[in-house]
Structure formats: structure tokens, C-alpha cells
Amino acid sequence: MVTPAAKRKAVARLKEGFGMSERRACKAIGCCRMTVRYQTSRPDDRELRARMKAIAQERRRFGYRRLLVMLRREGLVVNHKKLFRLYREEKLAVRRRGGRKRAIGTRAPMLVPLRPDERWSLDFVSDQLTNGRRLRILAVVDDCTRECLALIVDTSLSGMRVARELDPLITERGRPRMIVSDNGSVTSNAILAWADQNRVEWHYIAPGKQNGFIESFNGRLRDELLNETLFTSQAQARVAIALWRADYNTARPHSQIAWQTPAEFAATFNPRRSLALRYAKGSTPATVASPAKQGTTPAGNELKTG
């Protein structure tokens, strides 16, 4: 018996089962009588609990820290330690899924770019439909603002198709200084010709190494959407993934940018268009992005990668 609640139950059991007085029962188990007679003054927090459970049911893979950010956005002021206690009492903790173990070798720091469109990361994610047909998803992420720039869904994505999908991004945001990817279908002649034509430096990570920026994004995509959703058709997958991308950019708080959304963080670079407003109104983005001023990154933003 460690907690006061357990001691109160023990005293009540001794009083009811053996007819002991409160004084004698407390002496028998070494419990203070003030502990037994204490009446809690805590509020029941029904509104907070209900809203927390509603958000957790809608976003099943969110932990208590992201729930705290979502609740504070709605004006519910709560201490993070109290929310963690309620989170445990309501049994909302999610089990962390383990990933594959890989040989990582010697780690070296990969610095966060200081400006938007300075470095993009590109990678592929695989999934399948309910009928067993495979899907490939091309993910493009801005390493500075953590925005998801594109999620292209198809059964096959060749190097030529990747080059075609990058053209609208160049038109919308301007030309990045560098694109980082692993060695895969993006090593084709079509990609090399596209990079040379657009004067974009294309960097391939070393075999056996990882790009922490895009790997972290892929983990969130798989954990919060792909593992939680059954896709019956390619059209349904495209709609669901597009909605998740919009939510990721404009609503989901990101821990590495001080719990801001990627759209909010991107808007802090001056002059930068307000991406949140653009997503909300559904308007067409500007043709070319204006150059951004030198920015600063939040503390603890360096990721360790292979």
C-alpha cells in the first residue's frame, strides 16, 4: 500500500470486516488518520476530460503533448503535469510501434537550413489497397519549415514522373538550392537531366545512411494515416492523403518548431506568403516565392542522421 487511496481502502476493509475502530485500523497499517479523513478539493474537470477524449478519439496517435497544444488553441488553460495525470487516468496512452533496426554506423549532425526552399528532402513510402495492389507515395518536404510540399500517390512512380511532379513545385515556390534523396528510382537519367536543366544541386545520401528529416516525416505519415486507414481504391487514397497533408501543414503542431504548425512557422519568414491563409481559402499560390531573409532556428533543432 503506497498511495493514500490504497490506505483508505485498507482502513475501510479493517473497519467493515473486523469491526475495528478508525484509530486502531490506522495504527495496524501505519496510516495517519488525517490521510483517511482527507476530502479532496480537486474539481472533476468533466469538460476538460470530455474534450481531451474527443480530440484523442479523432487523432488517435497524438500523445498528451500534442493534445495539450490542441486544447490550448481552444482556450482551455491546463498545466502539462495535470493533463498528463488525466491522460493516464483516462487510459489514452498509445503504444509506440517499433521500427526496423538498421545499421547506422557513425552519426554526424545534419544542420537545419536557415531559409525556406534552401533544401528539400524527397523519398518514397509504400502501402497497399485492400485488394493487395501496391501503392507508392512520393513525399517532398522542406527541411527548414517542415512543410509537406507534395504527396503524389500512384501505383508506379518512375524518374520521369518524379521530374514532371517537381516542375509545378518549382513554378509555385521557386527553385531550391538542393534536393536530398536516397539512391533509388531518382538516380535515372531523367532526374539527372532535370536537375541539370533547372540548375538544382541533387545530393544522394550514402548507401546505408538516412536523412532524418524525411524519415521522421515518413514515420508520422505511416503512424497517423497509413496504419490507421484501409484504402479500397486509388482515388480514395489520394483524397485521404491530400486531406492529411493539408491538416499536417495547417493544424498539426510540430515539436521541432516550438509546437507551431509548418504553415505558421513558414509565415514567420519575411517576406513569406501566409500558407495557412492560402490553404484555408483554397486560393492559387503565387507563381514564384520571394526570397526570404536570414532566419533563426529554434534551439535543439539539430537532428542526428547517418
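Details of the structure are given in the entry above.
Residues numbered from 1 in each chain as written. Predicted model: local features only at pLDDT ≥ 70, side-chain atom pairs only at ≥ 80, totals over all residues. Heavy atoms only, no water.

Colleague: I'd love a proper account of the overall build of the protein, names of residues and values included.
Modeller: For the protein, the helix and strand inventory stands at 12 helices and 7 strands. Relative to its full complement of 306 residues, the protein shows a buried share of 42%. A separation threshold of at least 6 residues defines the contact pool for the protein, and within that pool the share at least 24 residues apart is 62%. Counting every atom, the protein has about 17,700 Å² of accessible surface; 51% of that belongs to carbon and sulfur. (Helix = DSSP H or I, 4+ residues; strand = E, 2+ residues; numbered from the N terminus. Buried < 20%, exposed > 50% of the residue type's maximum accessible area, 1.4 Å probe, protein only. Contact = heavy atoms within 4.5 Å. Areas by Shrake-Rupley, 256 points an atom, 1.4 Å probe, with all protein chains shown as cover.)

Colleague: Describe unusual backbone geometry, naming the residues involved and giving the relevant values.
Modeller: Non-glycine residue R199 carries a positive phi angle of around 55°. Among the secondary structure elements, R199 is positioned in the loop between α8 (189–198) and β6 (201–204). At A258, a position not held by glycine, the phi torsion is positive, near 60°. Looking at the element boundaries, A258 is found in the loop between α10 (234–250) and α11 (262–267). On the accessibility criterion, A258 (52% relative accessible area) is exposed.

Colleague: Got a sec to walk through the packing of aromatic side chains? Specific residues and values, please.
Modeller: Going through the model one piece at a time under the given rule, you end up with 8 aromatic pairs. Between W194 and W202, the aromatic rings sit 6.1 Å apart at their centres with planes inclined by 90°, giving edge-to-face as the arrangement. Note on W194: relative accessible area 5%, which makes it buried. Taken together, Y64, F84 and Y87 form an aromatic cluster joined through their ring pairs. Over the face of the ring belonging to F124 we find R136, whose NZ or CZ atom lies 4.2 Å from the ring centre. (Phe/Tyr/Trp six-rings, centres within 6.5 Å; stacked < 30°, edge-to-face > 60°. Lys NZ or Arg CZ within 6 Å of the ring centre and 35° of its normal.)

Colleague: I'd love a proper account of the nonpolar core, names of residues and values included.
Modeller: The biggest cluster of nonpolar side chains holds 21 residues, and the ones touching the most others in it are L122, V140, L166, W194 and W202. Listing elements by their share of this core, those giving two or more residues are β2 (119–128), β3 (134–142), β4 (148–154), α7 (159–173) and α8. Among the elements that take part in this core, α7 stands out by supplying 5 residues, more than any other. Ignoring any residue separated from it by four or fewer positions in sequence, one finds V140 in contact with W120, S121, L122, E147, C148, L149, A150, L166 and L169. (Core = buried A, V, L, I, M, F, W, Y, C linked by side-chain atoms within 4.5 Å.)

Colleague: Account for the pattern of salt bridges, with residues named and values stated.
Modeller: Across all of its chains, the model carries 21 salt bridges by this definition. Among the salt bridges present, the one from K53 reaches E90, with a minimum N-O distance of 3.7 Å. Here K53, found in helix α4 (residues 46–58), pairs with E90, found in the loop between α6 (80–89) and β1 (108–110); they are 37 residues apart in sequence, far enough to count as distant. With a closest N to O distance of 2.7 Å, D247 and R59 form a salt bridge. Taken together, the positions of D247 in helix α10 and R59 in the loop between α4 and α5 (64–73) put the pair 188 residues apart, joining distant regions of the chain. According to the relative accessible area criterion, D247 is partly exposed, its value standing at 22%. Using a relative accessible area of 15% as the deciding quantity, one classes R59 as buried. Via salt bridges that share partners, R49, K53, R85, E89 and E90 belong to a single interconnected network. (Salt bridge = Lys/Arg side-chain N within 4 Å of Asp/Glu carboxyl O.)

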